[in-house]
Amino acid sequence: MTKILVIDDDSNICELLRMYLEKEGYEVRTASDGSEGIAVFRMYEPDLVLLDVMMPKKDGWAVCREIRMHSSKPIIMITAKGETLDKVLGLELGADDFIVKPLDMKEVFARIKAVLRRYANHDTIEGELVKFENIEISLQKYELKINNEPVDLPPKELELIYFLASNYNRVFTRDQLLDKVWGFDYLGDSRTVDVHIKRLREKLEGASDKWMLKTVWGIGYKFEVRSES
C-alpha cells in the first residue's frame, strides 16, 4: 500500500486529507508541525509527502530542505499563496509539485497520481552512461559526476541533464521538456524547466569549455557539444 505523510498545522486539513486519501486506498500518517514531520518521515518512510509551507517550529521550506538532504521521495507543497516566488523557491529546494489552498480533492488526487507515476518509472529505466569531457551521467545509478566527483542532484535535475545530454545539439522547447522529463500529465508550468536549468548551470559551471547548457532564445534549451570527446 502506498504510504503518504501529511505535514500541516491545520488539524482540519490533516483529517480531511486523511479521510479522502484512505478512501482512495492510501495509508496515511499526519504531523502537525515541521519538527514532528521530520521525525515521522524518518520513522514512517512514506512514498510521498504533502507538505504545508507555513507552519510553526519549522516551516515547509526548512522541512523540504532537510528531507532532500537524505531522500528523493516526492514532495508536494501545500501553499495558501500560490505566488510565483513560492513556487520557484520550492522547486529550487527540490519540491516536485504544488497545490494551492483551498484544496480541491480532485486536483490533490490528480497531482499525487501524476507524481507517483513519474517516480514509479524510475525503477523501470535501463539507464545508460552518457559521457563527455569531465562529465558522466548515469540514469541507472541516478548519478552525476563532474571530474569523477559525484554531484548531488534531485531526481528531476538529473533526468533533465541526462535527457538533454543524450540528445546533444538538439533544441527542445520548454513544453517538450515538460513532456519528456516530467511526463505528459504534469500539471505545472514551463517555469519549472527554467528553474531546473538555472540550478544545473550553477552546478556545471566551469566543468568544461567543450559543452554547455545553452539557451536558444525564443525556443528553449539544448546541451551543446562543441567538440565531442
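Scroll up to find the structure this text is about.
The shown structure was predicted, so the numbers you read here are calculated from the model rather than taken from an experiment.

Thresholds applied
- Residues numbered from 1 in each chain as written.
- Predicted model: local features only at pLDDT ≥ 70, side-chain atom pairs only at ≥ 80, totals over all residues.
- Heavy atoms only, no water.
- 1 Å grid on protein atoms, 1.4 Å probe; cavity = no way out; pocket = protein on both sides within 12 Å on 5 of 7 lines; lining within 4 Å.
- Points joined across faces, edges and corners; volume = space filled by probe spheres on them.
- Helix = DSSP H or I, 4+ residues; strand = E, 2+ residues; numbered from the N terminus.
- Buried < 20%, exposed > 50% of the residue type's maximum accessible area, 1.4 Å probe, protein only.
- Salt bridge = Lys/Arg side-chain N within 4 Å of Asp/Glu carboxyl O.
- Phe/Tyr/Trp six-rings, centres within 6.5 Å; stacked < 30°, edge-to-face > 60°.
- Lys NZ or Arg CZ within 6 Å of the ring centre and 35° of its normal.

Trainee: Is there a simple way to think about empty space enclosed by the protein in this case?
Mentor: To find the voids left in a structure, one rolls a probe of water-molecule size over its atoms. Following the criterion strictly, the structure yields one cavity of 30 Å³ or more and no others. By volume, the largest cavity is sized at about 80 Å³. Considering the residues around the largest cavity, the lining is formed by 13 residues, among which Gly94, Ala95, Asp96, Lys156 and His196 are closest to the centre. Elements supplying a minimum of two residues to the lining of the largest cavity: α5 (105-120) and α6 (155-166). Looking at the lining of the largest cavity, the element that brings in the most residues is α6, giving three residues.

Trainee: So what exactly am I meant to see when it comes to the environment of Tyr168 here?
Mentor: Note that Tyr168 resides in the loop between α6 and β10 (172-173). Relative accessible area serves as the criterion here: at 31%, Tyr168 is assigned to the partly exposed category. Separated by 57 residues in sequence, Tyr168 and Val225 have C-alpha atoms that sit 6.5 Å apart.

Trainee: I keep staring at the pattern of salt bridges and nothing clicks. Help me out?
Mentor: Oppositely charged side chains can pair when the atoms bearing their charge come close. For the structure on display, the rule yields 20 salt bridges. Residue Asp97 pairs with Arg111 through a salt bridge whose shortest N-O separation is 2.8 Å. Taken together, the positions of Asp97 in strand β5 (residues 97-100) and Arg111 in helix α5 put the pair 14 residues apart, joining distant regions of the chain. The burial state of Asp97 is the same as that of Arg111; both residues are buried.

Trainee: Explain unusual backbone geometry to me, please; I cannot follow it from the model alone.
Mentor: Most peptide bonds take the trans configuration, and most residues that are not glycine carry a negative phi. The omega torsion across Lys101 and Pro102 is 0 degrees, close enough to zero to call that bond cis. Unlike most non-glycine residues, Glu45 shows phi in positive territory, near 50 degrees. With respect to the helices and strands, Glu45 occurs in the loop between α2 (34-44) and β3 (48-52). Looking at Glu45, the relative accessible area reads 56%, which means it is exposed. In this structure, Asn148 takes a positive phi of about 70 degrees despite not being glycine.

Trainee: Which parts of the structure should I look at to understand the packing of aromatic side chains?
Mentor: Working definition: an aromatic ring pair is given by the centre-to-centre distance plus the angle between the planes. Enumeration over the complete set of coordinates arrives at four aromatic pairs. Their ring planes at 40 degrees and their centres at 5.2 Å tell us that Phe132 and Phe223 sit as a pair that is tilted. Of this pair, Phe132 sits in strand β6 (residues 129-132) while Phe223 sits in strand β12 (residues 220-225), and the two are 91 residues apart along the sequence. Like Phe132, the residue Phe223 is buried in the burial classification. Site record: aromatic cluster; members linked through ring pairs are Phe132, Tyr168, Trp211 and Phe223. The ring of Tyr44 carries Lys3 above its face, with NZ or CZ at 4.9 Å from the centroid.

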